[in-house]
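Below are the chains, spelled out letter by letter.
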Amino acid sequence: MPNPITHGGGISEAAARFGGRPEDWLDLSTGINPCPAALPEIDARAWHRLPDRHVEEAARAAASRYYRTGGLMPLPVPGTQAVIQLLPRIADPGKRAAIFAPTYGEYARVLRAAGIAVDTVGYADDLQAAHGLSVIVNPNNPTGRFFPPDEILAMAEAMRTHRGLLVVDEAFGDLEPAASVAGHVAAHDNLIVFRSFGKFFGLAGLRLGFVVANRPIEEALRNWLGPWAVSGPALAISAKLMECDTNRIKAGIAERKAALDALLFGAGLHIVGGTGLFALVDHERAHDIHTALCEAHILTRKFDYAPRWLRIGLSPNPASDRRLAEAFNRMGF
């Protein structure tokens, strides 16, 4: 089994090494909205009963409208990581996988652990008949690289010619709904779209995602996940929030991102990528910056495979902005 991937988060480990109480740290290591949506009132039965079918159907209907799937009903899953673990089961064991990289490391780790050879690719022309499965994160984590929908659909058609599947992870796609290909899945039986609920709404602790896929793949995933895979409260909360006006959430994210970009620019740091929920910085001393920020009890995301990169998420408020700015000032930025 390949070594575990280092992800964002991990405040407990950071506090154990650098001191301080975990609750006093400023966590900028993830791409999660730091200003979570207010939890709606839900039926108390969601907490003390197994999820009834009508609760799941309400969440699926809300997700269909929210993700603009054209009537296709997304499958609720206990976080997209849960279905990433299942990808080897739908991949052709006699073929290779292609992953547009660098990106979220769990895709390659899970596929390789299952004995599937993985090629890292950068362009559509790199996809070959030997690839039975291809994965693209759009917009990408951590670079923010973006593929227009027509390019992705062309890739799906190319993969279809040799019976290959194309997985599109749109975990950071909520801020650009028009760029999603979720509405095209019904017309492409080899296209699968993953959506994350927790990042945009700031509720990652719900462990909720959705898969948009045609019926054979959806039914296979449902059977492998088993009954009651998603909690009743998660289903009920998502159904209500996906039906609400999200403009205030979008405005809040835009405000926090503008503050982060201005702070990094003012510190003389070079932003080379990102999405609305994080910025990617390139600096020759990125790992030293990461360590110095940890000493100030501020956690960011460094990368072993890219020692010049540092991913910095949004802070929750101006006071946290000032805390980050003061840490940079002490470093001479």
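Everything here concerns the structure above.
Being a predicted model, the structure only gives us computed values, none of them experimental.

Enquirer: Talk me through the environment of His54; I want residue IDs and the actual numbers.
Expert: Residue position: His54 is located in helix H3 (residues 53-66). When its relative accessible area of 54% is taken as the criterion, His54 is described as exposed. Separated by 33 residues in sequence, His54 and Leu87 place their C-alpha atoms 28 Å apart.

Enquirer: So, the pairing of strand S7 (residues 191-196): which residues are in play, and what are the values?
Expert: Side-chain direction in a regular strand flips from residue to residue, so the side chains alternate between the two faces of the sheet. Extensive coverage of S7 is indicated by the burial of six of its six residues. Both faces of S7 are covered, namely the face carrying Leu191, Val193 and Arg195 and the face carrying Ile192, Phe194 and Ser196. As paired strands, strand S6 (residues 165-169) and S7 are joined by four bridges and run parallel to one another. Bridging across to S7, Val168 finds its partner in Val193. With four bridges joining them, S7 and strand S8 (residues 209-212) adopt antiparallel strand pairing. Residue pairing for S8: Ser196 is matched across the bridge by Gly209.

Enquirer: Give a description of the sheet that holds strand S5 (residues 131-137) that names residues and reports values.
Expert: Strand order in the open sheet made by the seven strands is S2-S8-S7-S6-S5-S3-S4, with mixed pairing throughout. Edge positions in the open sheet fall to strand S2 (75-77) and strand S4 (118-121), since each of these has one partner strand only. Sheet twist, expressed as the mean angle between neighbouring strand axes with direction ignored, is 20°. The strands touched by helix H6 (residues 106-113) within the sheet are strand S3 (96-100), S4, S5, S6 and S7, with S3 carrying the most contacts at an inclination of about 170°.

Enquirer: Outline the packing of aromatic side chains, listing residues and values.
Expert: Tallied over the entire structure, the rule returns 13 aromatic pairs. With centroids separated by 6.1 Å and ring planes inclined at 85°, the aromatic side chains of Phe303 and Trp309 adopt a geometry described as edge-to-face. Given the relative accessible area of 2%, Phe303 is considered buried. Owing to a relative accessible area of 18%, Trp309 belongs among the buried residues under this scheme. An aromatic cluster of at least three residues, connected via ring pairs, comprises Tyr66, Tyr67, Phe197, Phe200, Phe201 and Phe210. Above the plane of the ring of Tyr123 lies Arg145, whose end atom (NZ or CZ) is 5.3 Å from the centre.

Enquirer: Tell me what's going on with the pairing of S3, and back it up with residues and numbers.
Expert: Across the five residues that make up S3, a large majority, four, are buried. As paired strands, S3 and S5 are joined by four bridges and run parallel to one another. Residue pairing across strands places Ala97 opposite Leu133, the latter belonging to S5. In this structure, S3 lies alongside S4, joined through four bridges in parallel fashion. Of the residues in S4, the one forming a bridge with Ile99 is Thr120. Crossover S3 to S4 through H6 is right-handed.

Enquirer: With reference to specific residues and values, describe the nonpolar core.
Expert: Judged by nonpolar contacts, the single largest core of 48 residues is most densely connected at Phe201, Met242, Leu264, Ile312, Leu324 and Phe328. In terms of residues, this core owes the most to one element, helix H10 (residues 232-241), which gives six residues. Residues contacting Leu324, with those up to four places away along its chain left out, are Leu28, Leu260, Leu263, Leu293 and Ile298. Residues Val77, Leu87, Ile116 and Ile192 belong to the second largest nonpolar core, which totals 27 residues.

Procedures and definitions
- Residues numbered from 1 in each chain as written.
- Predicted model: local features only at pLDDT ≥ 70, side-chain atom pairs only at ≥ 80, totals over all residues.
- Heavy atoms only, no water.
- Helix = DSSP H or I, 4+ residues; strand = E, 2+ residues; numbered from the N terminus.
- Buried < 20%, exposed > 50% of the residue type's maximum accessible area, 1.4 Å probe, protein only.
- Pairing = 2+ DSSP bridges.
- Axes fitted to C-alpha atoms, helices over the stretch in contact; angles between N-to-C directions.
- Contact = heavy atoms within 4.5 Å.
- Phe/Tyr/Trp six-rings, centres within 6.5 Å; stacked < 30°, edge-to-face > 60°.
- Lys NZ or Arg CZ within 6 Å of the ring centre and 35° of its normal.
- Right-handed = clockwise from strand over helix to strand, strands pointing away.
- Core = buried A, V, L, I, M, F, W, Y, C linked by side-chain atoms within 4.5 Å.

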